[in-house]
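Structural overview
Spelled out from the first residue to the last, the chains are:
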Amino acid sequence: MSTLQVKVLDARLGRDFDMPGRATAGSAGIDLRAMIEQPLTLAPGDCELLPTGLSIYIADPNLAGMILPRSGLGHKHGIVLGNLVGLIDSDYQGPLMVSCWNRGHAEFTIDVGERIAQFVLVPVIAPELQVVEEFDESTRGVGGFGSTGTR
Ligand SMILES: O=c1ccn([C@H]2C[C@H](O)[C@@H](COP(=O)(O)OP(=O)(O)OP(=O)(O)O)O2)c(=O)[nH]1
Ligand SMILES: [Mg+2]
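Residues numbered from 1 in each chain as written. Chains lettered and ligands numbered in written order. Predicted model: local features only at pLDDT ≥ 70, side-chain atom pairs only at ≥ 80, totals over all residues. Heavy atoms only, no water.

Named according to an unreviewed UniProt entry, the chain is Deoxyuridine 5'-triphosphate nucleotidohydrolase originating from Salinisphaera shabanensis E1L3A. According to the UniProt record, the Function (unreviewed entry) comment for the chain is "This enzyme is involved in nucleotide metabolism: it produces dUMP, the immediate precursor of thymidine nucleotides and it decreases the intracellular concentration of dUTP so that uracil cannot be incorporated into DNA." Quoted verbatim from the Sequence similarities (unreviewed entry) field of UniProt, the annotation for the chain is "Belongs to the dUTPase family." (UniProt positions renumbered as here; feature names shortened; annotations may be inferred.)

Written out as structure tokens, the structure reads:
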């Protein structure tokens, strides 16, 4: 079992709301809570940076955190991330924030302590960049953006 250092910045976590955790033993993500002072209504297009009530410190440069939307909020209510995906650096020690964006067509109210996004820890490889004149030939070459067709 790996561990992740966290600082609790909001006393309501663990007292009024469960600490962020996985909804089931097999859940990949740790659900992050909106530790706002009062319910927040996001009109279509609104985007607000919300505190999770935690600071984390991954420390290991071979790991990074990712903040991802919850599928129910994203698909049913249009509540996704203003930065689409949050990437948490291993050396970051500040408050863990969630950029909450209403991409939908109806307003949505986020309750205090609501689970608004999810966090996963992932391995990263941070390579040194090696400048070359030419690449070895590959099948794809410079093809992209639909170069392989649609069917
Ligand atoms: O959804 C997010 C995304 C980022 N962060 C924090 C942790 C991350 O390590 C730091 C920097 O994120 P990023 O590198 O994406 O932002 P930047 O615009 O490149 O800022 P910086 O110049 O500080 O790297 O901001 C969050 O709390 N939530
Ligand atoms: Mg950055």
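1. Structural notes on unusual backbone geometry
Phi is mostly negative for residues that are not glycine, and the peptide bonds are mostly trans. Located in the positive-phi region is leucine 84, a residue other than glycine, with phi close to 65°. Counting through the fold element by element, leucine 84 comes out in the loop between strand 6 (79-81) and strand 7 (86-88). Phi angles above zero are rare outside glycine, and phenylalanine 145 is one such case at about 50°. Inspection of the secondary structure assignment puts phenylalanine 145 in the segment after strand 10 (115-123). The class of phenylalanine 145 is exposed, set by a relative accessible area of 93%. (Helix = DSSP H or I, 4+ residues; strand = E, 2+ residues; numbered from the N terminus. Buried < 20%, exposed > 50% of the residue type's maximum accessible area, 1.4 Å probe, protein only.)

2. So, the site of ligand 1
As a structural note, the neighbourhood of ligand 1 is formed by Ile67, Asn83, Gly86, Leu87, Ile88, Asp89, Tyr92, Pro95, Leu96 and Met97. Within the contact set of ligand 1, an oxygen atom lies 3.1 Å away from a side-chain nitrogen or oxygen of asparagine 83. Within the contact set of ligand 1, a nitrogen atom lies 2.8 Å away from a backbone nitrogen or oxygen of methionine 97. If ligand 1 stood free it would expose 570 Å²; the protein chains cover 49% of that surface. (Near = heavy atom within 4 Å. Polar contact = N/O pair within 3.5 Å; in protein donor to acceptor, adjacent residues only side chain to side chain. Areas by Shrake-Rupley, 256 points an atom, 1.4 Å probe, with all protein chains shown as cover.)

3. Comments concerning the pattern of salt bridges
Overall, the coordinates contain four salt bridges when judged by the stated rule. Note that arginine 12 and glutamate 37 form a salt bridge whose closest N and O atoms lie 3.4 Å from each other. Within this pair, whereas arginine 12 is found in the loop between strand 1 (5-8) and strand 2 (30-33), its partner glutamate 37 is found in the loop between strand 2 and strand 3 (40-42), the two being separated by 25 residues in sequence. You can call arginine 12 buried: its relative accessible area is 12%. What makes glutamate 37 exposed here is its relative accessible area of 66%. For aspartate 16, the salt bridge goes to arginine 15, with nearest N and O atoms at 2.7 Å. (Salt bridge = Lys/Arg side-chain N within 4 Å of Asp/Glu carboxyl O.)

4. A short note on the sheet that holds strand 7
Spatial ordering of the open sheet is given by 2-10-5-7, a layout of four strands whose pairing is antiparallel. The outermost strands of the open sheet, each flanked by one partner alone, are strand 2 and strand 7. If you compare each strand with its neighbour and ignore which way they point, the axes differ by 30° on average. Strand direction decides the pairing type here: strand 5 (residues 63-69) and strand 10, joined by seven bridges, are antiparallel. Its bridge partner lying in strand 10, methionine 66 is registered against valine 120. (Pairing = 2+ DSSP bridges. Axes fitted to C-alpha atoms, helices over the stretch in contact; angles between N-to-C directions.)

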